[in-house]
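Overview (structure and organization)
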Amino acid sequence: MSTAMRSALAAGLVLACSAGLFAQEEQRDWKIFGEKVYTATGDVIENGTVAVAGGKIRGVTGGTRGGDGKNSLRAAAVTPGMVDLSVRVGAGTDSVEQSREVAPDMRTAESVDVFDVDWDVQARSGVTTALVCAPDFDVIGGLGVVVKTAGPSGVRARTVKADAVLRGAIGSQPSFRNHPAFGRPDDFFSRRPTTRMGVEWELRKAFYDAAAARGSDERAFPGSDELRSVLEGTRPLMLQTWTTQDIRTAIFFKEEMESEGLGHPRLILDAAAEAWKEPDLLARSGAAVVLPPYPLDGRTSDNSFMTLDSAKLVHDLGLPLALSAHGSGDPAARLDRQAGFAMRGGLSFEAALQAVTIAPARMVGVDDRVGSIEAGKDADLVLWSGTPFETSSRVIGVVIDGRLVLDPRPTE
Amino acid sequence: MLTLASLVTLALGPVLAGPLPSATGSREAEAPAVLFVRAERVYVRPGEVIDNGAVLVRDGRIVAVGRDLVAPEGARKLSGKVVCAGFVDAWSSFGLDAGSADDQRTSPATRTVDALNEYVDPRLRLEVLGAGVTAARLNAGSSSREGGVGALVRNRPEPGADAVLLGDCCVAASVGLTREGRGRDVFDSLGEVDKLVGSIADGLNYLRDKNDYKVDLEEWRKAITEKEAELEKDFKKAKKDREKDEKEAEEKGKEYKPKKYKEDKKPSPPRYDEDKEVMARVANGELPLVVQVHRCAELRSLLEGTERFDRLRLVIAGGSEAMDVADELAERDIPVIVWPAPLGRPRPDEFEDADLGLAGRLEAAGVTVLLGTGGQAGASRDLPLLAALAVGHGLTRRQALAALTTDAAATLDVGDRIGSLETGKDADLLILDGEPLASSTRITHVISHGDLVVGQ
Amino acid sequence: MISTTKMLTTGVLAAVLAAPAYPAPASDGGADTYAVRAARMLLADGREVEDAVLLVEGGKIRAAGRGVDVPAGVPVLEHDGVLTAGMIACHGYSGTRGETGDDTRSVLAEARIANALDLGHSDFANALAAGITTLVITPAPDNLAPGSTAVVKTAGGTILSSAAHLSLSFTDDALRANRYPTSYGGALAELDARLADPSGAFAEAVAGRLPVLFEVSSRDETQRAAEFATRHGLGGALHGARRAGEVLSAVQQSGLGVIVGPFDPGTPGRQLDSVVALGGARVPLAFGLDAPQEDGDALRLSAAMCVRDGLDPALAWQGLTSGGADIAGVGRRVGRLEAGLDADFVLWSGPPLDLTSSVVEVYVDGARVFGGVR
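Residues numbered from 1 in each chain as written. Chains lettered and ligands numbered in written order. Predicted model: local features only at pLDDT ≥ 70, side-chain atom pairs only at ≥ 80, totals over all residues. Heavy atoms only, no water.

**Here we look at the domain arrangement of chain A**
All names here are of chain A.
- Per the domain assignment, the segments making up chain A are domain 1 (11-80 + 389-406) and domain 2 (82-370).
- Between domain 1 and domain 2, the contact holds 24 residues from the first and 32 residues from the second.
- For the domain 1 and domain 2 pair, buried surface summed over both sides reaches about 2,200 Å², with 64% attributable to carbon and sulfur atoms.
- A salt bridge links K148 to D401; the shortest N-O distance between them is 2.7 Å.
- Inspection of the domain 1/domain 2 interface yields 4 residue pairs in polar contact (both at pLDDT 80 or more).
- The element that contributes the greatest number of residues to the side of domain 1 that touches domain 2 is strand β16 (residues 395-400), accounting for 4 residues.
- Among the residues forming the side of domain 1 that touches domain 2, the class breakdown is 13 nonpolar, 8 polar and 3 charged. (Domains from an automatic or database assignment. Contact = heavy atoms within 4.5 Å. Buried area = accessible area lost by both parts, 1.4 Å probe. Salt bridge = Lys/Arg side-chain N within 4 Å of Asp/Glu carboxyl O. Polar contact = N/O pair within 3.5 Å; in protein donor to acceptor, adjacent residues only side chain to side chain. Helix = DSSP H or I, 4+ residues; strand = E, 2+ residues; numbered from the N terminus. Nonpolar A, V, L, I, M, F, W, Y, C, P; charged D, E, K, R; others polar.)

**A look at the pairing of strand β10 (residues 267-270) of chain A**
Residues and elements named next belong to chain A.
- Across the two faces of β10 the burial is the same, with L267 and L269 and I268 and D270 all buried.
- As paired strands, strand β9 (residues 237-240) and β10 are joined by 4 bridges and run parallel to one another. Its bridge partner being in β10, Q240 is matched across the sheet by D270.
- As paired elements, β10 and strand β11 (residues 288-291) share 3 bridges and run parallel to each other. Bridged to D270 within β11 is V290.
- Regarding the hand of the β-α-β motif, the stretch spanning β10, helix α7 (residues 279-285) and β11 is right-handed. (Buried < 20%, exposed > 50% of the residue type's maximum accessible area, 1.4 Å probe, protein only. Pairing = 2+ DSSP bridges. Right-handed = clockwise from strand over helix to strand, strands pointing away.)

**Structural notes on the interface of chain C and chain A**
- The interface is formed by 28 residues belonging to chain C together with 29 residues belonging to chain A.
- Between chain C and chain A the total buried area reaches about 2,300 Å² when both faces are included, carbon and sulfur atoms providing 52% of it.
- Of all residues in chain C, T182, R219 and E246 of chain C bury the most surface against chain A, accounting for 20% of the area lost on that side.
- Taken together, chain C and chain A are joined by 1 salt bridge.

**Notes on the packing of aromatic side chains**
- According to the stated counting rule, one finds 14 aromatic pairs over all chains in the structure shown.
- On the basis of an interplanar angle of 45° and a centroid distance of 5.8 Å, the ring pair of F137 of chain A and F176 of chain A is categorised as tilted. Linking F137 of chain A in the loop between β6 (127-132) and β7 (140-148) with F176 of chain A in the loop between β8 (159-169) and α4 (196-212), this pair joins segments that are 39 residues apart in sequence.
- Owing to a relative accessible area of 18%, F137 of chain A belongs among the buried residues under this scheme.
- Look at F176 of chain A and you get exposed, because its relative accessible area is 53%.
- Taken together, a centroid distance of 4.6 Å and an interplanar angle of 10° make the contact between F345 of chain C and Y363 of chain C stacked. (Phe/Tyr/Trp six-rings, centres within 6.5 Å; stacked < 30°, edge-to-face > 60°.)

See the structure below:
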């Protein structure tokens, strides 16, 4: 191979790779035409053109015709980029500090791997924004970070909001590696909690200690500030709660904090598969609910059981609702398919659309930047081959921050 | 949008576009590809150089080599400092499915052509071509005790039928390799040699049985014909005799047994055994046997055991301790495929005494040295660098080049097709900007079966 | 392998008996003065000088280059080949016999790998025979702070530095499932705390007196380490980054050098492209070896693979000598053919980056320690 060709190949590769995880374009101005533009604000614009410049949405105009220029894209439908609050990608066992069960000061932003190939799968399936939290091996795992799924290679460049939520888990997962003090005392896994009660105890203790540390330097401990931010309501608390008893525990915990005068936590219940079993309790709590991927045979993690109409039920209770796909790249389980399942269970199209766009954005406080097609927001858009969420429709184009991640145009 | 695939296609566009376009419009659309390559030094073969010569290629073949050649009309003209034949990796796994290459349970009947992976990473394929390696010997099960039938494969930029140069080029075997970290016993290794020798003997016997059968069959046919002629003559008499015998038997109450002629029994062929079929071809010298063996005890035992097969063509792969038997290897004309890679420590036991000077020392002792990349995945690209390392540790440049071209082709029975720049051979050539194997030399063009696959 | 002493003794004996009288070097390098005239001398920046002379006195280089005045009576050795400074491999485990890490704690910043070295081990002779005169010995990256690296000469047993870098591991090998820390976040928190109130080796690193060797593996680890270095103003080098060239901006901003290799035959082209990209961006480069798992010859093979892929040969040579010495912190002692530096040099049969060249003789501290009898 000649030097010239070799250098060209190398240079091209470096250019391709240094700009992003995989071949990435620079930010460009676009005119994106959709026969239907679903803004997720409640409005559907017919024959709309979304103008994109400088990585932001400049505006949407109805009654237009798609152009053929170099910067023109067209599709049957355009929606905002989807938001997944439980993406479970880019953070593995190296992201959770298991030497202690309560680690509120650990920042997932410091351990997320933006080079994970799964990000590309997410981006190409239309998920443009994701909340990354540590896997739930700890009772309190740390601070989750909201990132874009594609863009310049670097956490800082892709972060939408750092330390957006405090992550915790109730249930069997945080305790599964622990064992009582007999047996093998040679590692730190011989500790409590070993049961659900123990997990709950650790959770409550952490917050009680944090509250007690208020105004006292002596009683402060690593993470007490973060815990207090939850009590003050400035940062939401996201708890993984698969089963009914876990959901009940989480809500009772919140009510305990309130009744003891310790604070007013804002609760997000993640993977609340059995939310359908406790409608009254949920309604009373006002908690936001993130539903896990719909298990096709009903049973899912922690032996919980999810019904097809769970999404409709939660929505009808008036609670904030988000759907999630747990990072699945499987075409039968991706986020757009989850919206389809929710609709099949009775959820309306607009509610399903909002449940994968503006609602999750609002839950973690990034709705000023993403979640809907409105002037001033980030240019995160998904182009579809037909009506979104239909089994016969595909994601054919994805734009993130004005960068074309998936090109809908036929190859020359 | 910039993607790797589009970049590769862009870079290769003119190359992959298909047959080269003809220069004048009067030609038909499917004009044969003609290349005219001129160079300051044309390496016909190591030691035979034509100064300021040229090579004419047409339809994938070399049609002329010489000093006073003229480019025909419409030919694509290329030039460079040096032109030589493409390199052959005599011990490679490039283009072979990984599972098959490592398969430990092959038998002589396993065929490498059944395990070719045509969809190797295109970038890696180009890198290997760009390094000048235009062909390779691949062997399924090359590290198993009884490997399969190896193939000599041409490295083509795209999958195609012309990739296999010789589907049956050799048979592989190995003795004494460290397998799966299991403890090794000296008796195990020598037992492996015995088994291998036994397998060759079985093949030879099988061959003899087949030949005997052929002879017997002929004789039987002749005897039958004679007997039938005889019977024709005495038919009536024979019929009377038979009726008399039958009546006699009936009277005596015995069962009549008709007289059986020897000729009635047709000779049966030896039972078909696919492994023995292959080993028969090895035993009679049709297919060379490439044995990977390193320790001197096993080498000695192997040489001793195979001495009686006077038509067997033995090739040693590895041969870390081959210097101990160098004289016999030279005398019996047994080539050694050396893998000149720097090995660290700890290393598998059989490589304990391996070092980069092996190739040079074997050459000095009169042994034919070939070079290969030890079947390491993806390493074919780096064959010229390993060859250079061997030169740095004593191998002569001339033998290194011969190892990569003429000697490899000759040993693997494709010497009539590749390995040197001679009329009638396939056009696998390299155009370089300096002496082959010097690290500062760049390969500017690679021609594979008459197609310009690297370079403009 | 023949021991150094044996080689020296053979050299002495042969020299006494041989016709062209080369004064036998005293075993400690002595006060001998001699000159070497080589057909070509390769300087650290890749320039070649023809018909150059190296003047050696007392184990140090007195002068090097063209037109060097050789005082009368000083013996001159002729070499019809190339003369270069000895090479340096900036990462490896030679002479440690596997004792490269301690499992009990994740932070052992005060540990020194120099204390675990067997300087007479054959690993060093193997490196010497390949033209490597200086080695950086590193603790294994299995702990968050496994200790300090050492820089040694491959002959004569000289330890140039017993604490050349503070090694910090950002790889997931340092994160054990059953030992604190188990996560990148925990590791960063621990290191931040140690650097906020530094003592011992950490204090030296913060003060800029002890460069840091960042052990990394994947691209996210490379980025994390580079950003950590930038944040804390730490200098030093990255090692183990297989694709550092793809996170160039973070690496450039940190000012860290990058130690690349070793590359085995068959290494994916992407890793070699990464080295070419680093070279193109003028990031300081050096080559590592991972001996004894890798043979000494693998160092030049790695460099040759990068050059074939497009790395500027001058940068490759720099990485093997002066650049490597600078990254190892011993640039004022070795790595260049300059007056005042140690007389560690190699006589080659041809250009060293050409793999068809071989080592003819090796000199350390002015004494011939490898190579044929004259």
